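An overview of the molecular structure
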Amino acid sequence: MIRTWQLSNAGRSLVLASRDDRLPEIVYWGAALPEGEDLAALAQAVVPDVTGGMLDRVPELSICPEESRTFPAEPGLIARDGAARPLRPAFRFVREERRPGRLTLAFRDAALGLGYRAHFALDGDTGLVAARAAVDSDRPIMVHWLAAPVFPGPQLADEMLEFSGRWIGEFQIEASPWRPGQRARDNHTGRSGHEHFPGLILPARGATKTRGETWAFHYGWSGGHRMVAEELPDGRRQIQFGHASGSETRAAAHFETATLFAAFSQAGSNGCAVAFQRHLRARAPQARRPVHYNCWEAVYFDHALDELKEIAARAARLGAERFVLDDGWFGRRDDDSSSLGDWTVDPRKYPDGLGPLVDHVRGLGMEFGLWFEPEMVNRASDLARARPEWLLGPEDQIEGRQQRVLDMANPAVRDHLFRAIDAVLSDHAVSYVKWDHNRVLPHADAAQTRGLYDLLDRLGTAHPGVEFESCASGGGRIDFGILERTGRVWLSDSNDALERLRIQHDAALFLPPGVTGSHVGPRICHTSGRVIDIRTRAWVAAQRHMGFEMDPRELTEEEADVLSEVTAWWKSNRDWRMGADILRLESADPAVIAEMQLAGDGSRFVLFAGQAVTSAQILPRPLRLTGLDPAARYCLRLITARDLPRLSRGAPALKSGPVTFSGQALMGQGVSLPWTFPERLHVIEGERL
């Protein structure tokens, strides 16, 4: 007997099939199937043959591959009972629940007292599949590994694109060839990590950023993930995502994965990116995004009220709309060696409390934001001295940034943190919290992440008008799980505009502009030592949720004018751009990093083309656009034309004024950019006529 289930929208279909009431396989995931497709026949058509040296029947590559079926590769569940004996369930169908766009399937192994549930949802607008799994037991068990529902890997794909990185160097795309055996990534840092963003892109042979079939995955969990991309001896491929192995450290009767988001596109990786971006955008804060000013790189721990008031006044004149007071306002926090955990205002720096600064900032027409790092504690703090048992990990552990981690699985710890943070937010007009996380955990523990989610959820309920940002030494905790509870992520601690240009470009495979913080850094970058022109710094920040993080007193009059002008441009375009899709462009010149931001209705776009380094050839190569209506006509204007150097001596059309072309011409031939220095950006506005 074959049972089948289908989820479809206008562009995509997902089909599951179960034989003999066993766990189902995903037998189809791709472009939408026509009405009336025989799903049982489709399921039968994918049954593989058998030859010498094999079992008499090929075990199913199910949504949770089972050892009990002699599955010859990574199983979807590795668990032990209370006596440490391996559990090898053979699940059988119990029931289904269907709602529009949603499917829940329940299975059980009665002999072992285990139940398995899989949930699938297909977003009607984006085509994004959201899948998660849960296991229930009649008795407490230990789970070493539980995969979210397992997807088949595409056959016509030669490589997989993963993400590595480091502090101030996040979202580095790494290409690995498909080959027999496993490609596994197991992140035990306790957070999504600079090193291991939980994403995977699988382009079909010949696919690019703008065309061709592409499959993509993201595991929405903030506590470290495991990914297995495996080619079996028979040639089939499987994709597994779940919590980091062994991170469920306690016996329990219920275990659940985070949501695995899966995208399919026939428009290259951009199509998958748009699905991810739109998913986040639909859940992001709907209020107008204010221009930030963060004081960290201006004053660090050296807080003086009069100085901060002057900085705030200058930031407001430049166009800032939200002032964020960073680390150093609490306890006796003069450096990073003390006071984490003591969330009371430092009376030495603020003898009258934060009120005078908050009032001054709000009087300038800006919102007030505040930095916290709630999950961390210094040994030199009142909290650590009073509650040493609340510290996670061994006494002789290696510290990070001279700090320890609080046991967020402990409800008493969460209650204490809620009261401390709630008091600060209740006593001051704070509209924004920068929530930091500056070290990895001493060991992976999924309960730590669940405790974080619980605390954020409680604070969000108590303070619905406060927006939270996720920061973890920059981009160390960016994922859809944390973004269910925060409205913004700090993409990287690097304010080097050239490094940011690349990081932002590749992070756009998942993140829309409105949730991605990007700030104008100091003239001499504090993380690279590089000196970068204010125009480049300003335009790179303007690509995303814009802010400033330099000391505004360092700006020359010309620099202040440039920054004010770019900020004014950002404000005048933010409403449509925060709802735009970021489309990464294929550049014929590897020295150029380019993207379009296309309005939801297709009526307008802005193109950013960054000359990151000197090109190998003398003149720029044409840059093809994407996502346009081939039959429509578009007027293009180079708004950075006046910034071109004198060595640009010719007369390309864009340089002298607006030009008009068809969408087909712009996508087929492209635009010819003027020559410019390295480390500069061209910004082009486009409007459909």
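That block above? That's the structure.
Residues numbered from 1 in each chain as written. Predicted model: local features only at pLDDT ≥ 70, side-chain atom pairs only at ≥ 80, totals over all residues. Heavy atoms only, no water.

Quick look at the pairing of strand S22 (residues 367-372)
- Of all six residues in S22, five are buried, a share of seventy percent or more.
- As paired strands, strand S21 (residues 322-325) and S22 are joined by four bridges and run parallel to one another. Residue pairing in the sheet places leucine 325 in a bridge with leucine 370 of S22.
- Note on the crossover from S21 through helix H5 (residues 355-363) to S22: the handedness is right-handed.
- Looking at chain direction, S22 and strand S25 (residues 432-435) are connected through four bridges and run parallel. Across the sheet, the residue bridging to phenylalanine 372 is tryptophan 435, located in S25. (Buried < 20%, exposed > 50% of the residue type's maximum accessible area, 1.4 Å probe, protein only. Helix = DSSP H or I, 4+ residues; strand = E, 2+ residues; numbered from the N terminus. Pairing = 2+ DSSP bridges. Right-handed = clockwise from strand over helix to strand, strands pointing away.)

Looking at helix H4 (residues 305-318)
- In this model, H4 (14 residues) spans 20 Å end to end at C-alpha, consistent with the 20 Å of a helix rising 1.5 Å per residue.
- Every buried residue belonging to H4 is among Leu308, Ile311, Ala312, Ala313, Ala315 and Leu318, and all of these are buried.
- On its buried face, H4 is in contact with strand S20 (292-294), helix H3 (296-299), S21, H5, strand S29 (545-548) and helix H11 (557-577).
- One or two steps after H4, the chain reaches glycine 319, where phi turns positive at roughly 120°. (Expected span 1.5 Å × (residues − 1). Contact = heavy atoms within 4.5 Å.)

A closer look at the packing of helix H7 (residues 411-427) against helix H8 (residues 446-462)
- At a minimum axis distance of 10 Å, the contact between H7 and H8 shows a crossing angle of 35°. The two elements H7 and H8 meet at a crossing, and its hand is right-handed. Contacts between H7 and H8 involve Arg414, Asp415, Leu417, Phe418, Ile421 and Asp422 from the former and Gly451, Asp454, Leu455, Arg458, Leu459 and Ala462 from the latter. (Axes fitted to C-alpha atoms, helices over the stretch in contact; angles between N-to-C directions. Left-handed = near helix turned anticlockwise from the far one by under 90°.)

Observations regarding H11
- Over its 21 residues, H11 runs 29 Å from end to end, which matches the ideal 30 Å to within 8%, given 1.5 Å per residue.
- Within H11, burial applies to Glu559, Val562, Leu563, Val566, Thr567, Trp569, Trp570, Asn573, Arg574, Trp576 and Arg577.

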